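Below are the chains, spelled out letter by letter.
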Amino acid sequence: SYWTIMEWQVTLDGDVKKIKLPEGSTANDLVNHLELHPDGVLIVTDEEKMKPIPLILKLPDKPIRIILVASGG
């Protein structure tokens, strides 16, 4: 099957990357692509009102910011 490849601007730890993933990819796909642990990140739109993006939802067509959150105790 043919997939359209999309590109997202992703800011991770102050580092801006261009990430290419198939159209319709979810936030979880992005986390896996970056080899991050889903429990240790918060994915938000990189806008004035940073809106959290649940892992199961498709990535919006806008810049993304990944916030690393401390987990464990």
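Residues numbered from 1 in each chain as written. Predicted model: local features only at pLDDT ≥ 70, side-chain atom pairs only at ≥ 80, totals over all residues. Heavy atoms only, no water.

## A short note on the nonpolar core
Test applied: Only buried residues count toward a nonpolar core, which is a set of Ala, Val, Leu, Ile, Met, Phe, Trp, Tyr and Cys residues joined through side-chain atoms within 4.5 Å. The cut-offs for exposure are 20% and 50% of the maximum accessible area for each residue type, with area from a 1.4 Å probe on protein chains only; residues under the lower value are buried, those over the upper are exposed, and the others partly exposed. Secondary structure is summarised from DSSP: a helix means a run of H or I of at least four residues, a strand means a run of E of at least two, and numbering begins at the N terminus for each.
Of all hydrophobic cores here, the largest spans 15 residues; its most connected members are Val10, Leu30, Ile43, Leu59, Ile64 and Ile66. Mapped onto this core, the elements with two or more residues apiece are strand E1 (5-12), strand E2 (15-22), helix H1 (27-33), strand E3 (41-45) and strand E4 (64-68).

## A closer look at the sheet that holds E2
Here is the rule we go by: What makes two strands pair is DSSP finding at least two bridges between them. Lines are fitted to the C-alpha atoms to define the axes, a helix being fitted only along its stretch in contact, and any angle between axes, read from their N-to-C directions, falls within 0 to 180 degrees.
With mixed pairing, the four strands of this open sheet are ordered in space as E2-E1-E4-E3. If you trace the sheet from one side to the other, it starts and ends with E2 and E3, each paired once. Adjacent strand axes in the sheet meet at a mean angle of 30 degrees, parallel and antiparallel pairs treated alike. Relative to E4, E1 is paired through three bridges, and the arrangement is parallel. Bridge pairing links Leu12 to Ile66 in E4.

## Quick look at the environment of Ile67
This is how the line gets drawn: Whether two residues are in contact is decided by their heavy atoms: any pair within 4.5 Å suffices.
The residue Ile67 is located in strand E4 in this model. Along the primary structure Ile67 and Leu12 are separated by 55 residues, whereas in three dimensions their C-alpha atoms are 6.7 Å apart. For Ile67, the residues in contact, after removing those within four places along its chain, are Gly40, Val41, Leu42 and Val44.

## Brief notes about the side chain of Ser25
Basically, it comes down to this: Here a polar contact means two N or O atoms within 3.5 Å. Within protein one must be a hydrogen donor candidate and the other an acceptor candidate, and residues neighboring in sequence count only if both atoms are side-chain atoms.
Here Ser25 shows up in the loop between E2 and H1. Separated by 2.6 Å, the side chain of Ser25 and the backbone oxygen of Pro22 make a polar contact. In contact with Ser25, other than residues within four places in its own chain, are Leu57, Lys58 and Leu59.

## Some details on the pairing of E4
On a regular strand, each side chain points to the face opposite its neighbour's, so the side chains alternate between the two faces of the sheet. Across five bridges, E3 lies against E4 in antiparallel orientation. Of the residues in E4, the one forming a bridge with Val44 is Arg65.

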